[in-house]
Amino acid sequence: MTRPADFPPPYTPEEFVAAPSDPAEERIDVGVLIVGAGPAGLACAIRLGQLLEESPETAARFGDVPVAVLEKGKAVGSHLVSGAVVNPRALRRLFRDRARIEDMPFYGPVKHESVYFLTSRSALRIPTPPTMKNDGNYVASLSELSRWLSQQAEAGGAYILPETAAEKLLVDGGRVRGVRTGDKGRGRTAEPLANYEPGSDVTARVTVLAEGTQGHLTGVALQRFGLQGENPQVWALGVKEVWRVKEPLDRVIHTMGWPLRGGRRYREFGGSFIYPMGEDMVTVGLVVGLDYRDAELSVHDLLQELKTHKLVQRILDGGERIGWGAKTIPEGGFVAMPKRLHAPGLLLTGDGAGLVNVPALKGIHYAIESGRLAAETAFAALQRGRTAWTPGALASYDESLRSTFVWDDLKRVRNMRQAFGKGFWMGGAMAGAMTASFGKFPPGNAKTERDADQALFKTDRASRYPKPDGQLTFDKLSSVFLSGNKTRDDAPNHIRVEQRVPRELALMWERMCPAQVYEAKEGAEDGEVAVEVTPSNCVQCGAITAKGGRLLPPEGGSGPEYKLT
C-alpha cells in the first residue's frame, strides 16, 4: 500500500531558523511584529493601537515602528478564502463602542437557513444540526472584511507591509527575535536577476504568528520549540466560486451527502455551502477532508459536479462565475492544538494554532479573539520592568484563551471530526450523541490520524466528473486565471515534493491540486513515475503539505489576488 508519509519531501525545519545576520544598523526594528494580515493578525494590530492610544507613555517603549504587519500577498486579502458566515461576537469585543457591526462590510445577517442531504437526483431537507445554526451571524467575504480591518489597523498606527514573505524565524539565545524576509528577483535556479532585492532581518520584542492555515513559520516554530500537541493536525480543502446571479438567494444553504461517498473505505468527509452575497451574488463551495484515500478524488471537480445538481443549478441558472479560490482548513480542533501557544518572544494565533470549530463551520471569530488576546499579552509583557522573552513571560496568553468562549466551544466538539473516520452514517450517529451530551460522550479525547498516513487506492471516480462547458462547469486553469494569479513563470520553485513516487501518489497529487500544479509523467520504472511541478500555477492552498509535500513561502507579492473570496 502507498502512503504519502512514506515519501517525505526534501525539507527540514532547521533550514528556516537562523540568528539575525544583518548588521544592527541595517535591521528593521519594530515593537511588535505580526506575520500575516488575516483576521487574527489585523485584530492583534487593531487592539495594540487601541492600547497604545490609551497609554501614550508606553508607546515610547515600542520604538519608532510600534506595530508592523507583514503580508506576503500583493495586498491585504489577496490570499484569503473563507465561506464565510461570521459570528460577530469577537468583533464586538474588539471594537466595543468604536465601530458598529452595521458599519462593517457584511452582506447582511443570516435571515433563513436550510440544510439538505443530497443524492444525485434528490435533495432531502433535514433539521439544522444545533452546531450549524447561524441565527445572529453575518455573511461576508473574508477578503473584503480583512481589507476593512486593515484600514482600522492603519488608522491606529500599524504599518502594513504587503508583498513581504516571512521566510526564516530569527532565533537567538533561545528566544524569537523576529523574522527574515524572503529575497525578491531571483530566477528559477535562484540566480539573482536585474531586479534582485535581498531579504531583511525584521527584529521585534514580540513576534506574533498569524499566518493562517498551513503557516510556514508556525510549523517551524512548533518543531523548534517542541510545541506540538498530543495529536497531529489534520486538514480539509475548500474550493469556492462567487457567482453573479439573476435571482437573489434568501437563505444560507448547507448540504451533505452526494457527491461524496459515505462508505468507511473512502473516508470522504465534508459538505457544501451556498451563501447569498447581497441581491445579485452568491458563493458556492465544497469542503472535503484531506484524509480521503481515493487517488482519483478532486475537490475542484467534485464542486463542478455538485453544480449540476438541480438544487444548485437552479440557483446559478443564467448567472456568471466572477470569482474562484481554494484554501485548506485545519480540522483537528481541540485535540490537535499545540500544547503551548507561546514560546520566548513568540505567540501563535488563529488558524495557525488550529482554532477552528469544524461542526459549526466557524473559525474567523476565534482568530479575531485570539489576535485581541495576543495583543493584550504582548502589551503587558512590554511594560516597564518586564521582559517579553524570559520563559513564561507570555504564558498569560494561553491562560486568557482558556478562559474564553474559544476554549469552551472547541472542547465541546473535540471528538466530532474523528467520528467521521468511521464513515458518514456511523459518524453522524456519534456526532448526534456528542451534541446531545454537550461533548461529554465519549469521555476523553479521540486520536487524530495524519492525512499523509492514509493508504491510497485508485478507483474510476474521475470518469464521472463533468466535462467543463465554460458556463456552469470549468477546468482548473481557467479557475487559476480567475483567481488573478500573477506568479512569474521564472520564479523559484516554492514547493518541495519527492520527484519520483509510486504512480498512485503522483496521481493523487495531480487530482488533489485545484490549480493543476502537479503532473504524473509517463515512463514508470519499478512502479514509480516522475512528478512535474508547475509552481507558477500555485494558489498556495496548502493541500500539498497535508498530503506528503511541503509548501514554502513564494516570492512576496506572487500568488492569487482574491477580491471577493
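Residues numbered from 1 in each chain as written. Predicted model: local features only at pLDDT ≥ 70, side-chain atom pairs only at ≥ 80, totals over all residues. Heavy atoms only, no water.

### Observations regarding the environment of Gln233
Working step 1: Tracing the backbone shows Gln233 in the loop between helix H5 (216–224) and strand E15 (235–244).
Working step 2: What makes Gln233 buried here is its relative accessible area of 18%.
Working step 3: When the C-alpha atoms of Gln233 and Lys310 are compared, they prove to be 36 Å apart, with 77 residues separating the residues in sequence.
Working step 4: Contact partners of Gln233, with chain neighbours within four places excluded, come to Pro330, Glu331, Gly332, Gly333, Ala336 and Gly354.
Working step 5: For Gln233, the side chain forms a polar contact with the main-chain nitrogen of Gly332, separated by 2.6 Å. (Helix = DSSP H or I, 4+ residues; strand = E, 2+ residues; numbered from the N terminus. Buried < 20%, exposed > 50% of the residue type's maximum accessible area, 1.4 Å probe, protein only. Contact = heavy atoms within 4.5 Å. Polar contact = N/O pair within 3.5 Å; in protein donor to acceptor, adjacent residues only side chain to side chain.)

### Remarks on the sheet that holds strand E19 (residues 320–330)
Working step 1: The strand order across the open sheet formed by 7 strands is E7-E6-E16-E17-E18-E15-E19, and the pairing between neighbours is mixed. If you trace the sheet from one side to the other, it starts and ends with strand E7 (123–126) and E19, each paired once. Here the average twist between neighbouring strands, direction ignored, is 20 degrees.
Working step 2: Note that strand E17 (residues 270–277) and strand E18 (residues 281–289) share 8 bridges and pair antiparallel. When the sheet's bridge partners are listed, Pro276 is paired in E18 with Val282.
Working step 3: Strand contacts of helix H6 (residues 299–306): strand E6 (113–118), E15, strand E16 (252–257), E17, E18 and E19, with the helix running at about 130 degrees to E18, the strand carrying the most contacts. (Pairing = 2+ DSSP bridges. Axes fitted to C-alpha atoms, helices over the stretch in contact; angles between N-to-C directions.)

### Section: the side chain of Thr487
Working step 1: Position of Thr487 relative to the elements: it lies in the loop between helix H13 (476–482) and strand E22 (495–496).
Working step 2: Overall, Thr487 belongs to the buried group, its relative accessible area being 12%.
Working step 3: Only 2.8 Å separates the side chain of Thr487 from the backbone nitrogen of Gly559, close enough to count as a polar contact.
Working step 4: If near-sequence neighbours (up to four positions away) are discounted, Thr487 is found in contact with Ser536, Cys538, Ser558 and Gly559.

### Examining the packing of aromatic side chains
Working step 1: Across all of its chains, the model carries 10 aromatic pairs by this definition.
Working step 2: Above the face of the Phe474 ring, Arg321 is positioned so that its terminal group lies 3.9 Å from the ring centre.
Working step 3: Above the ring of Tyr292, the side-chain terminus of Lys547 is found at 4.7 Å from the ring centroid. (Phe/Tyr/Trp six-rings, centres within 6.5 Å; stacked < 30°, edge-to-face > 60°. Lys NZ or Arg CZ within 6 Å of the ring centre and 35° of its normal.)

### Examining the layout of surface pockets
Working step 1: In this structure, the second largest pocket spans a volume of roughly 910 Å³.
Working step 2: Taken together, 38 residues form the lining of the second largest pocket, with Gln223, Trp235, Arg450, Thr545 and Arg550 sitting closest to its centre.
Working step 3: Contributing elements (two or more residues each) for the lining of the second largest pocket: H5, helix H15 (543–546) and strand E26 (550–551).
Working step 4: When residues of the lining of the second largest pocket are assigned to their parent elements, the largest contribution, 5 residues, is made by H5.
Working step 5: Taken together, the residues that form the lining of the second largest pocket break down as 17 nonpolar, 17 polar and 4 charged. (1 Å grid on protein atoms, 1.4 Å probe; cavity = no way out; pocket = protein on both sides within 12 Å on 5 of 7 lines; lining within 4 Å. Points joined across faces, edges and corners; volume = space filled by probe spheres on them. Nonpolar A, V, L, I, M, F, W, Y, C, P; charged D, E, K, R; others polar.)

### Some details on empty space enclosed by the protein
Once rolled over the atoms, a probe with the size of a water molecule shows which space is left empty.
Working step 1: Scanning the model with the defined rule gives 4 cavities of 30 Å³ or more in all.
Working step 2: In terms of lining, the largest cavity is formed by 14 residues, of which the most central are Cys513, Tyr518, Cys538, Cys541 and Gly542.
Working step 3: Residues that form the lining of the largest cavity fall into these classes: 12 nonpolar, 2 polar and no charged.
Working step 4: Roughly 80 Å³ of internal volume is contained in the second largest cavity.
Working step 5: For the lining of the second largest cavity, the per-class residue count stands at 6 nonpolar, 4 polar and 3 charged.

### Structural notes on the pattern of salt bridges
Pairing is possible between side chains that carry opposite charge, provided their charged atoms lie close to one another.
Working step 1: Under the definition given, this model contains 30 salt bridges.
Working step 2: Via salt bridges that share partners, Arg47, Arg93, Glu369, Arg372 and Glu376 belong to a single interconnected network. (Salt bridge = Lys/Arg side-chain N within 4 Å of Asp/Glu carboxyl O.)

### Quick word on the pairing of E16
Working step 1: The buried fraction of E16 amounts to 6 of the 6 residues, a majority that puts the element mostly inside the structure.
Working step 2: Side chains Val252, His254 and Met256 of E16 all project onto a buried face; the interleaved residues Ile253, Thr255 and Gly257 project onto the opposite face, where all are buried too.
Working step 3: Here E6 pairs with E16 via 6 bridges, running parallel. Paired with Val115 across the bridge in E16 is His254.
Working step 4: Of the pairings in the sheet, the one linking E16 to E17 comprises 3 bridges and is antiparallel in character. Note on E17: the bridge partner recorded for His254 is Phe273.

### Observations concerning the sheet that holds strand E25 (residues 528–533)
Working step 1: Strand order in the open sheet formed by 3 strands is E23-E25-E24, with antiparallel pairing between adjacent strands. The outermost strands of the open sheet, each flanked by one partner alone, are strand E23 (500–502) and strand E24 (518–520). For this sheet, the mean angle separating the axes of adjacent strands, direction not counted, is 40 degrees.
Working step 2: Here 3 bridges tie E23 to E25, and the two strands are oriented antiparallel to one another.

### A few points about unusual backbone geometry
Working step 1: The peptide bond linking Gly83 to Ala84 adopts the cis configuration, its omega dihedral lying at -5 degrees.
Working step 2: Secondary-structure assignment places Ala84 in the loop between strand E3 (67–70) and strand E4 (85–86).
Working step 3: Trp258 connects to Pro259 through a cis peptide bond whose omega is 10 degrees.
Working step 4: As for its placement among the helices and strands, Pro259 is situated in the loop between E16 and E17.
Working step 5: Not every positive phi belongs to a glycine, and Arg267 is a case in point at roughly 55 degrees.

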